[in-house]
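# Summary of structural features
This is what each chain is made of:
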Amino acid sequence: MQSVALAVAEAVAAEPSRDAADGHVAAVSAEPVTAARSRVAADGHVAAVSADGVTRRYGEGETAVDALRGVSLSVARGELVAVMGPSGSGKSTLLHILAGLDKATSGEAYIGGRAVSGLDDEGLTSLRRRKVGFVFQFFNLLPMLSAEQNVALPLKLAGEEIDRGWVDEVIGKVGLSDRREHRPAELSGGQQQRVAIGRALITRPSILFADEPTGNLDSKAGREILELLRSCVAEYGQTILTVTHEPRVCTVADRILILADGLIVRELDHVSSGEVRSAIDALER
Ligand SMILES: Nc1ncnc2c1ncn2[C@@H]1O[C@H](COP(=O)(O)OP(=O)(O)O)[C@@H](O)[C@H]1O
Ligand SMILES: [Mg+2]
């Protein structure tokens, strides 16, 4: 029974990588000269995550879609960066490539300075299980497991010893100490997303990716999730890259990158939610 649960969990974890099997392989050869630049954050340290000229083409010939057309970015350790942009602008594709769930058509993604395309299967598995945490819009929890079991699952999958103290701390951090025995169906949307964030934090990932973590929540629960992400940065020095449509993300994000048609077209910092909203409105018009 347990092994079935684990098999399902692997499938769930692998779900976003469905596109990676389409035959596209990232350029593995020599890194472009400019790559070194994007691997170094503004503070001179190696970036927690970076991209250098990443492109992603789906399909071939006349029906090909260029989801990313050359994205370069760099996120420093302990930074919370939000990615915003119209539907179809390539936000999910970008996160999947940075997290090693999908492969770039060209260009390179780096986690902690290491080229993702240079990893073999074992390296990729280790990256997905230990180095990055991923939070989805629809939570992707295992329904038969309790909140606590869902949080601890990545440690189990990685065959690691379960450190009870750390599991307790994470469950407390996400505010679920009195809900740990509940199954997902017995939790609100906001609570389910807290479980998913706990699951993403449990391996102490060097970077946490969140793809519209507030997209399925009411505004109060959404705000609380954004505040929880911010407090992970403050308390654990966690690095976070999150996609969101919530203009109030500007109150928690250090920077906002605006993606349009596969390119980063603007970078905003220290702006009001009204300014974020008008930047997004301008693109959607
Ligand atoms: N598996 C796929 N096959 C073909 N096209 C895809 C696939 N996944 C995404 N796309 C296309 O790539 C573009 C970017 O998609 P996506 O990254 O999901 O955007 P966003 O998350 O910003 O809404 C869209 O035009 C989308 O239709
Ligand atoms: Mg998306």
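## Quick notes on the overall build of the protein
A tally of regular secondary structure across the protein gives nine helices and ten strands. A burial count over the protein gives 41% of its 285 residues as buried. Across the protein, the fraction of contacts at a sequence separation of at least 24, relative to all contacts at a separation of at least 6, is 70%.

## Overview of the site of ligand 1
Around ligand 1 sit 13 residues in total, of which Tyr58, Ala67, Lys91, Ser92 and Thr93 are the nearest. Among the elements that take part in the shell around ligand 1, helix H3 (residues 91-98) stands out by supplying three residues, more than any other.

## Let's talk about the packing of helix H5 (residues 147-157) against helix H7 (residues 189-201)
Two elements in contact, H5 and H7, have axes separated by 7 Å at closest approach and are oriented at 30 degrees. As the angle between them shows, H5 and H7 are arranged roughly parallel. The hand of the H5/H7 crossing is right-handed. Contact residues: Ala147, Asn150, Val151, Leu153 and Pro154 in H5; Val195, Gly198 and Arg199 in H7. Of the residues contributing to the contact of H5 with H7, the split by class is five nonpolar, two polar and one charged.

## Remarks on the pairing of strand S2 (residues 65-75)
Working note: regular strand, side chains alternate between the two faces of the sheet. As defined by bridge partners, strand S1 (residues 49-58) adjoins S2 across eight bridges and the pair is classed as antiparallel. What sits directly across from Tyr58, in S2, is Val65. Joining the antiparallel neighbours S1 and S2 is a turn of six residues, in which Gly59 adopts a positive phi near 75 degrees.

## A word on the nonpolar core
Counting residues in hydrophobic clusters, the biggest one holds 71 residues, and the most contacted among them are Val49, Leu98, Phe209, Leu229 and Leu241. If sequence neighbours within four positions are ignored, Val49 has contacts with Val75, Leu98, Tyr110, Ile111, Ile207, Thr239 and Leu241.

## What to know about the sheet that holds strand S3 (residues 80-84)
The strand order S6-S7-S8-S3-S9-S10 describes an open sheet built from six strands, whose pairing is mixed. Each having just a single partner strand, strand S6 (132-135) and strand S10 (263-268) make up the two edges of the open sheet. In this sheet, adjacent strand axes meet at a mean angle of 20 degrees when their direction is disregarded. With four bridges connecting them, S6 and strand S7 (residues 207-211) associate as parallel partners. Residue pairing in the sheet places Val135 in a bridge with Ala210 of S7. Sheet strands in contact with H3 are S3, S7, strand S8 (239-243) and strand S9 (255-260), and its direction is about 150 degrees off that of S8. Taken strand by strand, H7 contacts S6 and S7, and its axis lies near 170 degrees from that of S6.

## Considerations on the sheet that holds S2
Taken in spatial order, the four strands make up an open sheet running S2-S1-S4-S5, and their pairing is antiparallel. Here the strands that pair on one side only, and so sit at the sheet edges, are S2 and strand S5 (114-115).

## Some details on helix H8 (residues 219-236)
Helix length check: H8, at 18 residues, gives a terminal C-alpha distance of 25 Å against a target of 26 Å (1.5 Å per residue), a fit within 8%. All of the buried residues in H8 are Gly222, Ile225, Leu226, Leu228, Leu229 and Cys232. Buried residues of H8, seen end-on, are gathered within an arc of 150 degrees and therefore sit on one face of the element. Exposed side chains of H8 directed beyond 90 degrees from the buried face belong to Ser219, Lys220, Glu227, Ala234 and Glu235. Residue Gly237 follows H8 closely and has a positive phi angle near 65 degrees.

## Focus: the pairing of S9
Strand direction decides the pairing type here: S3 and S9, joined by four bridges, are parallel. In the strand pairing of S9, Met84 is matched with Ile258. Of the strand pairs in this sheet, S9 and S10 are connected by five bridges, and their pairing is antiparallel. Bridging across to S10, Ile256 finds its partner in Leu268. The antiparallel hairpin formed by S9 and S10 contains two residues in its connecting segment, where Asp261 sits at a positive phi of about 50 degrees.

## Examining the environment of Ala147
With respect to the helices, strands and loops of the structure, Ala147 is situated in helix H5. Ala147 sits 40 residues away from Leu187 along the chain, and the two C-alpha atoms are 8.9 Å apart. In this structure Ala147 touches Leu176, Arg179, Arg180, His182, Leu187 and Val195, once residues within four positions along its chain are discounted.

## Quick notes on unusual backbone geometry
A negative phi angle is the norm for most residues apart from glycine, just as the trans form is the norm for most peptide bonds. Of note, the phi angle at Phe139 is positive, near 70 degrees, even though the residue is not glycine. If you trace the backbone, Phe139 turns up in the loop between S6 and H5.

The rules behind the values
- Residues numbered from 1 in each chain as written.
- Chains lettered and ligands numbered in written order.
- Predicted model: local features only at pLDDT ≥ 70, side-chain atom pairs only at ≥ 80, totals over all residues.
- Helix = DSSP H or I, 4+ residues; strand = E, 2+ residues; numbered from the N terminus.
- Buried ≥ 20, exposed ≤ 12 C-beta atoms within 10 Å, placed from the backbone.
- Contact = placed C-beta atoms within 7 Å.
- Near = placed C-beta within 6 Å.
- Axes fitted to C-alpha atoms, helices over the stretch in contact; angles between N-to-C directions.
- Parallel < 35°, antiparallel > 145°, perpendicular 65-115°, else oblique.
- Left-handed = near helix turned anticlockwise from the far one by under 90°.
- Nonpolar A, V, L, I, M, F, W, Y, C, P; charged D, E, K, R; others polar.
- Pairing = 2+ DSSP bridges.
- Core = buried A, V, L, I, M, F, W, Y, C linked by C-beta atoms within 7 Å.
- Expected span 1.5 Å × (residues − 1).
- Arc of directions from axis to C-beta.

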